[in-house]
Amino acid sequence: KNCPIAAAYGPGWTATHHVDWSMLPSLVSDHISAELLHLQPGLPRAVEVVRVHVYSSLRTGQPVSEAREAMFDEMRRLHYDVHLGSFDGSREKCVDIALAVDMLHYATVP
């Protein structure tokens, strides 16, 4: 359909490319550190990602593709906290709500 990855790398990109999910924490850390350095040039700070949460949802009764299941399995193997919600109908709000609840929780934990 309208997949930006397939548009960039071709429709069979999954046969020729691999997403290395283990790199995600360091990429996020590097990006946030660079942004902080840009916003506060005199205060260089290292940013360490200590926990990764992944939120997604599955439509009730719809089969999950092998590739998607493999992605979540790989994330779990890397000790990411994978949160999968399920929904019926055409609207999915479970991801938004779970993310908001966890953000409020972690904002209050010292």
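What you see is a predicted model; the values in this text were computed from it and never measured.

**Brief notes about the environment of lysine 93**
Summarising the element assignment, lysine 93 is placed in the loop between strand S2 (81-87) and helix H5 (94-108). A residue is classified by how much of its surface remains accessible, and lysine 93, at 44% relative accessible area, is partly exposed. Taking the C-alpha atoms as reference, lysine 93 lies 28 Å from isoleucine 32; in sequence the two are 61 residues apart.

**Here's the deal with the confidence of the model for the protein chain**
Mean pLDDT over the protein chain stands at 88; residues scoring 70 or higher make up 96%. The weakest mean pLDDT in the protein chain belongs to S2 at 87; the strongest belongs to helix H4 (residues 66-77) at 94.

**Here's the deal with the environment of arginine 51**
Here arginine 51 is to be found in the loop between helix H3 (24-39) and strand S1 (53-59). A relative accessible area of 48% places arginine 51 in the partly exposed class. Arginine 51 sits 19 residues away from alanine 70 along the chain, and the two C-alpha atoms are 20 Å apart. The contact partners of arginine 51, leaving out residues within four places of it in the chain, are Asp81 and Tyr106. At 2.6 Å, the side chain of arginine 51 and the side chain of aspartate 81 are in polar contact. Reaching out from arginine 51, the side chain makes a polar contact with the side chain of tyrosine 106 at a distance of 3.5 Å.

What counts, and at which threshold
- Residues numbered from 1 in each chain as written.
- Predicted model: local features only at pLDDT ≥ 70, side-chain atom pairs only at ≥ 80, totals over all residues.
- Heavy atoms only, no water.
- Helix = DSSP H or I, 4+ residues; strand = E, 2+ residues; numbered from the N terminus.
- Buried < 20%, exposed > 50% of the residue type's maximum accessible area, 1.4 Å probe, protein only.
- pLDDT = per-residue confidence, 0-100.
- Contact = heavy atoms within 4.5 Å.
- Polar contact = N/O pair within 3.5 Å; in protein donor to acceptor, adjacent residues only side chain to side chain.

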